[in-house]
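Listed below, chain by chain, are the residues.
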Amino acid sequence: MRALSEKFMQDLLYEDGMLHPVLERVRKDQTLMLAIRENYVNIYYRGGNILRISEKTNGTYKAEFNREYDKSDHRLLDSPPVIKTSDDAGVWIDSFPYCKEIMDEFFSNHEKTEREFQQVIARENNQSVISNESEYFITDIEFADNALKARFDMTSICWPASNRRTGNHCHAALIEVKYADAAIEGKSGLIKHLENMAALISDKDRYAQLLNMMESQFNQLDQLELLNFNKGTSEAKIKLDPEDKPEVIFILANHNPRSSKLKDIVNDPEMKKFEFSTLFDLRFFVASFSGYGMHVRNMLSLSEFRKLL
């Protein structure tokens, strides 16, 4: 279950909490994103993990920077491997500029464009100046859970603006992001993703566990003030109904309109099998002029998307 303990939440939320400086930095730095895992958090920068903080049984937290990004043996600040006080967390905050420089150099030679765009999409819909207008809130990126046998780029909750007085007029939306046309076919292509989604959603136990996880992540992100939207006077908590059909959404970034590859795929008989699926509603995101703010009206069905192509 991807959720944080009450102590972990308190240490992030309260001003005297030992992890509060990290949360404050994420709130103020739009290049960073906090993602909730099972008793740990990942802090993402450009889609890469700049800091992982894991809860230990003795009340402290293990902290680590992914040194796989460091191919030049840069010297970092002497950041403590265990966070015991807010001062320890502050040292990690001070190290972020150096960590970012290391990651920038790594990404210049090892591009992770799709992951970077996932974080951009999450920022625009969760915490930007237009996020209150968005109707999709990203609960996770780079989702991979061996126990659930599930792997997809993003999980999100569609909560239409007109229904925010209560938390039970929303549904799950599972998202795959494809950057450029090279990634839309084959073992990680569109049709293969749909087959995997269908297998997951048709397994009621696994799917119910996924929804519980998404509810918890959304509500904890909201509690951490990492979702910027107006609930009015409502304090409703998200509740997802396993009987509601989810959406499966493709976000196709920088498609080449001169290529026939995408048109061939959406006209493939294997793709057409999912057009009227009883398990999920297949949708293709089309931007409102430009940008990644997601609205219900920007989600096209397969037949509508074919006409657009």
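Reference entry: report on the structure contained in this document.

Reading the values: rules and limits
Residues numbered from 1 in each chain as written. Predicted model: local features only at pLDDT ≥ 70, side-chain atom pairs only at ≥ 80, totals over all residues. Heavy atoms only, no water. Helix = DSSP H or I, 4+ residues; strand = E, 2+ residues; numbered from the N terminus. Rg over C-alpha atoms; globule rule 2.2 N^0.38 Å. Buried < 20%, exposed > 50% of the residue type's maximum accessible area, 1.4 Å probe, protein only. Contact = heavy atoms within 4.5 Å. Areas by Shrake-Rupley, 256 points an atom, 1.4 Å probe, with all protein chains shown as cover. 1 Å grid on protein atoms, 1.4 Å probe; cavity = no way out; pocket = protein on both sides within 12 Å on 5 of 7 lines; lining within 4 Å. Points joined across faces, edges and corners; volume = space filled by probe spheres on them. Salt bridge = Lys/Arg side-chain N within 4 Å of Asp/Glu carboxyl O. Pairing = 2+ DSSP bridges. Axes fitted to C-alpha atoms, helices over the stretch in contact; angles between N-to-C directions. Phe/Tyr/Trp six-rings, centres within 6.5 Å; stacked < 30°, edge-to-face > 60°. Lys NZ or Arg CZ within 6 Å of the ring centre and 35° of its normal.

A word on the overall build of the protein chain. Broken down by element type, the protein chain carries nine helices and eleven strands. On C-alpha atoms alone, the protein chain measures out to a radius of gyration of 20 Å, which is about the 19 Å that the 2.2 N^0.38 rule sets for 309 residues. For the protein chain, the spread of C-alpha atoms along the principal axes amounts to about 60 × 45 × 35 Å. Of all 309 residues assigned to the protein chain, the portion counted as buried reaches 52%. Within the protein chain, counting contacts between residues at least 6 apart in sequence, those at least 24 apart form 63% of the total. Carbon together with sulfur atoms contributes 46% to the accessible area of the protein chain, which is approximately 15,100 Å² in total.

With that settled, consider empty space enclosed by the protein. According to the stated counting rule, one finds two cavities of 30 Å³ or more in the structure shown. In this structure, the largest cavity encloses a volume near 100 Å³. For the largest cavity, the lining is made up of 13 residues, of which M33, L34, N126, Q127 and L226 are closest to its centre. Those elements that place two or more of their residues in the lining of the largest cavity are β1 (32–36) and α4 (113–126).

Once that is clear, we can look at the layout of surface pockets. Quantified by volume, the largest pocket comes out at close to 380 Å³. For the largest pocket, the lining is made up of 17 residues, of which R37, Y40, N42, Y44 and N49 are closest to its centre. At the level of elements, β2 (40–45), β3 (48–55) and β6 (136–145) are the ones that each hand at least two residues to the lining of the largest pocket. Approximately 300 Å³ is the volume found for the second largest pocket.

Quick look at the pattern of salt bridges now. Considering all chains together, one arrives at 17 salt bridges under this definition. Across the pair D29 and R25 runs a salt bridge whose closest N-O atoms are separated by 3.3 Å. Residue classification places R25 among the partly exposed residues on the basis of a relative accessible area of 24%. For K261, the salt bridge identified is with E185, shortest N-O distance 3.4 Å.

A few words now on the sheet that holds strand β9 (residues 247–253). As summarised here, the arrangement of the six strands in space is β6-β7-β8-β9-β10-β11, forming an open sheet in which the pairing is mixed. Two strands bound the open sheet, and with one partner strand each, they are β6 and β11 (299–300). Both β6 and strand β7 (residues 150–158) contribute to a ladder of eight bridges, which runs antiparallel. Within β7, the position partnered with I141 by the bridge is M154. Sheet contacts for α4: β6, β7, β8 (171–179) and β9; angle to β6, the most-contacted strand, approximately 150°. Relative to β9, helix α5 (residues 190–202) is tilted by about 160°, and along the sheet it contacts β7, β8, β9 and β10 (281–285).

With the rule as written, the count across this model stands at 16 aromatic pairs. Through a chain of ring-to-ring contacts, the aromatic side chains of F65, Y69, F106 and F107 assemble into a single cluster. A cation sits over an aromatic face here: R2 above F143, 4.5 Å from the ring centre. Sitting above the plane of the Y40 ring, R52 keeps its charged end 3.7 Å from the centroid.

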